[in-house]
Amino acid sequence: MVKRSPDFIGEYEHPDVGQYQVAVYLSRRKSLKLLVTPECRVELWMPPYFSLDAARTYLATNQPWIVRGLNKCRSMALRHPILPLEQRRHLLFLGEDFTFRWHPVETSPSAYPKNLCQHECNRAEKTFHLHCPSEQILPCITGLIDGYAHRLLPEIIRPVIQKFVQRNGIAPSAIKFRLKTAQWGSCSSSRIISLNTRLVQASPECICMIMVHELCHLVEMNHSKRFYALMDEEMPGWRAADKWLKAKFPSLRPDTILF
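Counting restarts for each chain: residues are numbered from 1 in the order of the written sequence. Reporting in this predicted model follows two pLDDT cut-offs: at least 70 for local features of residues, and 80 or more for side-chain atom pairs to be given and counted; totals over whole chains, interfaces and linings ignore these cut-offs and use all residues. Here the side-chain values reflect all heavy atoms present in the structure, with hydrogen atoms and water set aside.

**Section: the environment of W238**
Here comes step 1: The helix and strand labels rest on DSSP assignments: H or I over at least four residues marks a helix, E over at least two residues marks a strand, and numbering proceeds from the N terminus. Relative to the elements of secondary structure, W238 occurs in helix α6 (residues 238-248).
Here comes step 2: A residue is classified by how much of its surface remains accessible, and W238, at 8% relative accessible area, is buried.
Here comes step 3: Taking the C-alpha atoms as reference, W238 lies 7.9 Å from C206; in sequence the two are 32 residues apart. We call a residue buried when its accessible area falls under 20% of the maximum for its residue type, exposed when it is over 50%, and partly exposed in between, using a 1.4 Å probe and counting protein chains only.

In structure tokens form, the structure reads like this:
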């Protein structure tokens, strides 16, 4: 189990980024994991047998990496300011720009549960209308995207999986879909591949690229030269899809779902 309430092991200061706090989470990991989130938070995930003194030593050693990450996140926040959800006018869906319109519903949030939010998605006219209270916009949108992802993503990735299995003779033990805020996909040592439901906003080429990336981890559980050589074999044009994805989705924060 993961410790949900983090311990803050102190404030750090650096001339380039000023003061920042580090949140420490206990997890079942076998090694330390250091993250700089899009919200400019520094997180350290560590196994229970690591001491806070060992964590502080690890942070001091990796401070240059932390500073680069914080500078990158702050620069990204300036280039891509986040508007309030009520003011958004566009929504990406399968890589296409849909016109988004929010229609406020005058009622108390407690009397208007999330499952009663109404929407109309017209793929021919590329329009998306949402009817709900302002407090429910984000949960409604994330719920709708999750539903579309579970219906559409399996259809898109099925041919990719079949081709990979035929060529390499290895298949994932399971495919799971869930909302992630730090990565597009993951592959565990037990061959379970998890895909971010946010992928339903990306183009089919990008969806296939992420699927190929995780499938290649079934053969190479790292990002070595052999891994990228396998990526080139399975999908020669994957770099263009990767570039498009990074340009359109500079952050995976939940409130950046709308553009």
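**Details of the confidence of the model for the chain**
Close reading of the predicted structure is inappropriate where its pLDDT is low.
Here comes step 1: When pLDDT is averaged across the chain, the result is 84; 85% of the residues are at 70 or more.
Here comes step 2: Considering each helix and strand of the chain separately, the mean pLDDT is smallest for strand β1 (residues 7-14), with a value of 70, and largest for helix α4 (residues 204-216), with 96. The pLDDT value expresses, per residue, how confident the predictor is, ranging between 0 and 100.

**Considerations on the pattern of salt bridges**
Here comes step 1: Any Lys or Arg side-chain nitrogen found within 4 Å of a carboxyl oxygen on Asp or Glu counts as a salt bridge. Overall, the coordinates contain six salt bridges when judged by the stated rule.
Here comes step 2: With a closest N to O distance of 3.1 Å, E220 and R226 form a salt bridge.
Here comes step 3: Two residues, D232 and R239, come together in a salt bridge whose shortest N-O distance is 2.7 Å.
Here comes step 4: On the basis of relative accessible area, D232 is assigned to the partly exposed category, the value being 30%.
Here comes step 5: Residue classification places R239 among the partly exposed residues on the basis of a relative accessible area of 47%.

**Digging into the state of the cysteines**
Here comes step 1: Note on terminology: pairs of cysteine sulfur atoms within 2.5 Å are recorded as disulfides. Tallied over the full model, the rule gives one disulfide.
Here comes step 2: What pairs with C117 in a disulfide is C140, and their sulfur atoms sit 2.1 Å apart. Of the two residues, C117 is situated in the loop between β6 (96-104) and β7 (118-122) and C140 in helix α3 (residues 137-168); the sequence distance between them amounts to 23 residues. Pair check on accessibility: C117 and C140 agree, each one buried.

**Brief notes about the environment of H150**
Here comes step 1: With respect to the helices and strands, the residue H150 is situated in helix α3.
Here comes step 2: Exposure remark for H150: the relative accessible area of 39% places this residue in the partly exposed category.
Here comes step 3: Sequence-wise, H150 and F177 are 27 residues apart; in three dimensions their C-alpha atoms are separated by 6.9 Å.
Here comes step 4: Nitrogen and oxygen atoms within 3.5 Å of one another constitute a polar contact, given that in protein one can donate a hydrogen and the other can accept it, and given that sequence-neighbouring residues count only through two side-chain atoms. A distance of 2.9 Å separates the side chain of H150 from the backbone oxygen of D146, its partner in a polar contact.

**Quick word on the sheet that holds strand β11 (residues 192-196)**
Here comes step 1: In short, DSSP must find at least two bridges between two strands for them to pair. What the three strands build is an open sheet, ordered β9-β11-β10; its pairing is mixed. The sheet terminates laterally at β9 (174-178) and β10 (185-187), the two strands that pair on one side only. Geometrically, the sheet is characterised by an average inter-axis angle of 15° between neighbouring strands, direction not taken into account.
Here comes step 2: When β9 meets β11, the two strands line up parallel, connected through five bridges. Its bridge partner being in β11, I175 is matched across the sheet by I193.
Here comes step 3: Residues count as neighbours in contact if any of their non-hydrogen atoms are within 4.5 Å of one another. Each axis is a line fitted through C-alpha atoms, taken for helices only over the stretch in contact, and angles between the N-to-C directions span 0 to 180 degrees. Strand contacts of α3: β9 and β11, with the helix running at about 145° to β9, the strand carrying the most contacts.
Here comes step 4: Set on the sheet, α4 makes contact with β9, β10 and β11; between it and β11 the angle comes to about 155°.

**Observations regarding the packing of α3 against α4**
Here comes step 1: Following both chains from N to C, one finds α3 and α4 inclined at 45°, their axes separated by 10 Å at the closest point. By the criterion of interaxial angle, the relationship of α3 to α4 is oblique. Regarding α3 and α4, the two cross each other, and that crossing is right-handed. Between α3 and α4, the residues in contact are L153, I156, I157, V160, I161 and F164 and P204, I207, C208, M211, V212, L215 and C216, respectively.
Here comes step 2: Each residue is assigned to one of three groups, with Ala, Val, Leu, Ile, Met, Phe, Trp, Tyr, Cys and Pro labelled nonpolar, Asp, Glu, Lys and Arg labelled charged, and all others, Gly among them, labelled polar. Across the contact of α3 with α4, the residue classes break down as 13 nonpolar, no polar and no charged. By definition in this entry, angles of less than 35 degrees are roughly parallel, angles greater than 145 are roughly antiparallel, angles of 65 to 115 are roughly perpendicular, and the rest are oblique. Each helix crossing is assigned a hand: it is left-handed if the near helix lies turned anticlockwise from the far helix by less than a right angle, otherwise right-handed if that turn is clockwise.

**Things to note about the side chain of E220**
Here comes step 1: Within the element layout of this structure, E220 appears in the loop between α4 and α5 (225-234).
Here comes step 2: Judged by its relative accessible area of 14%, E220 is buried.
Here comes step 3: Among the polar contacts listed, one links the side chain of E220 to the side chain of R226, at a separation of 3.1 Å.
Here comes step 4: Beyond its immediate chain neighbours, meaning those up to four positions away, E220 contacts R226 and F227.

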